[in-house]
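Notes for the structure review
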Amino acid sequence: EMVVARYDNNILGTDEYQSLEFSFYPNPATEQINIKFENTLTNHDVEIFDVSGKRLATSKIQQLGNIDISDLATGTYLLKLTSKNKAAVVRFIKQ
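Residues numbered from 1 in each chain as written. Predicted model: local features only at pLDDT ≥ 70, side-chain atom pairs only at ≥ 80, totals over all residues. Heavy atoms only, no water.

What to know about the environment of Asn85
Tracing the backbone shows Asn85 in the loop between strand E8 (75-83) and strand E9 (86-94). Put simply, Asn85 and Ser19 are 66 residues apart on the chain and 8.5 Å apart in space, counted from C-alpha to C-alpha. (Helix = DSSP H or I, 4+ residues; strand = E, 2+ residues; numbered from the N terminus.)

Written out as structure tokens, the structure is:
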């Protein structure tokens, strides 16, 4: 079973930041997360945080990318995606 989540992360009250349009799957995940950005070829910074805010991993991807999460313990994590003046943060579950 595959579930694709699509996010358009609206940030209110600021003109400096815009949202990123992307999809990622699977969620929950066991070995890796696949990320696809819509309508862009620029580099994106990808960071994984635990729920206490500790940064656990960083990576860069363009339009498509896979993030290896096999070393993470089972639990809930935050995936932060940034590119120039665009940003998004989503939760994912590692099984």
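Now that the structure has been shown, we can carry on.
As for unusual backbone geometry
Tyr25 connects to Pro26 through a cis peptide bond whose omega is -10 degrees. Tracing the backbone shows Pro26 in the loop between strand E3 (21-25) and strand E4 (32-37). The linkage connecting Asn27 with the following residue, Pro28, adopts the cis geometry, with an omega of 10 degrees. Here Pro28 shows up in the loop between E3 and E4.

A closer look at the nonpolar core
With 19 residues, the main nonpolar core has Phe22, Ile35, Ile48, Ile69, Leu79, Leu81 and Phe92 as its most contacted residues. Within the residue set of this core, elements represented by two or more residues are E3, E4, strand E5 (44-50), E8 and E9. Every residue in contact with Ile69, bar those within four places of it in the chain, is listed here: Ala29, Thr30, Glu31, Gln32, Ile33, Ile48, Phe92 and Lys94. (Core = buried A, V, L, I, M, F, W, Y, C linked by side-chain atoms within 4.5 Å. Buried < 20%, exposed > 50% of the residue type's maximum accessible area, 1.4 Å probe, protein only. Contact = heavy atoms within 4.5 Å.)

Re the packing of aromatic side chains
Counted according to the given criterion, the structure contains three aromatic pairs. The interplanar angle of 25 degrees and the centroid separation of 5.7 Å between the aromatic rings of Tyr77 and Phe92 together place this pair among those described as stacked. With a gap of 15 residues between them, Tyr77 in strand E8 and Phe92 in strand E9 connect regions that are remote in the sequence. Ring-pair connections join several aromatic residues into one group, and the members of that group are Phe22, Phe24 and Phe37. (Phe/Tyr/Trp six-rings, centres within 6.5 Å; stacked < 30°, edge-to-face > 60°.)

A few points about the environment of Leu79
Looking at where Leu79 falls in the secondary structure, it is placed in strand E8. Owing to a relative accessible area of 1%, Leu79 belongs among the buried residues under this scheme. In the structure, Leu79 is positioned 30 residues away from Phe49 in sequence and 6.6 Å away in space, judged by C-alpha atoms. The contacts of Leu79, once residues within four sequence positions are left out, are Ile35, Val46, Glu47, Ile48, Ala88, Val89, Val90 and Phe92.

Points about the pattern of salt bridges
One side chain can pair with another of opposite charge once the charged atoms of both are near each other. For the structure on display, the rule yields two salt bridges. Measuring nitrogen to oxygen at the nearest pair gives 2.3 Å for the salt bridge that ties Asp45 to Lys60. Here Asp45 is found in strand E5, whereas its partner Lys60 is found in strand E6 (residues 55-61), with 15 residues between them in sequence. We note a salt bridge from Glu47 to Arg55, for which the minimum N-O separation is 2.8 Å. (Salt bridge = Lys/Arg side-chain N within 4 Å of Asp/Glu carboxyl O.)

A look at the confidence of the model for the protein chain
Looking at the protein chain as a whole, the pLDDT averages 83, with 81% of positions reaching at least 70. The least confident element of the protein chain, judged by mean pLDDT, is strand E1 (residues 5-8) at 52; the most confident is E5 at 94. Confidence over residues 11-16 falls short of pLDDT 50; this stretch has three contacts with residues more than four positions distant or in other chains. (pLDDT = per-residue confidence, 0-100.)

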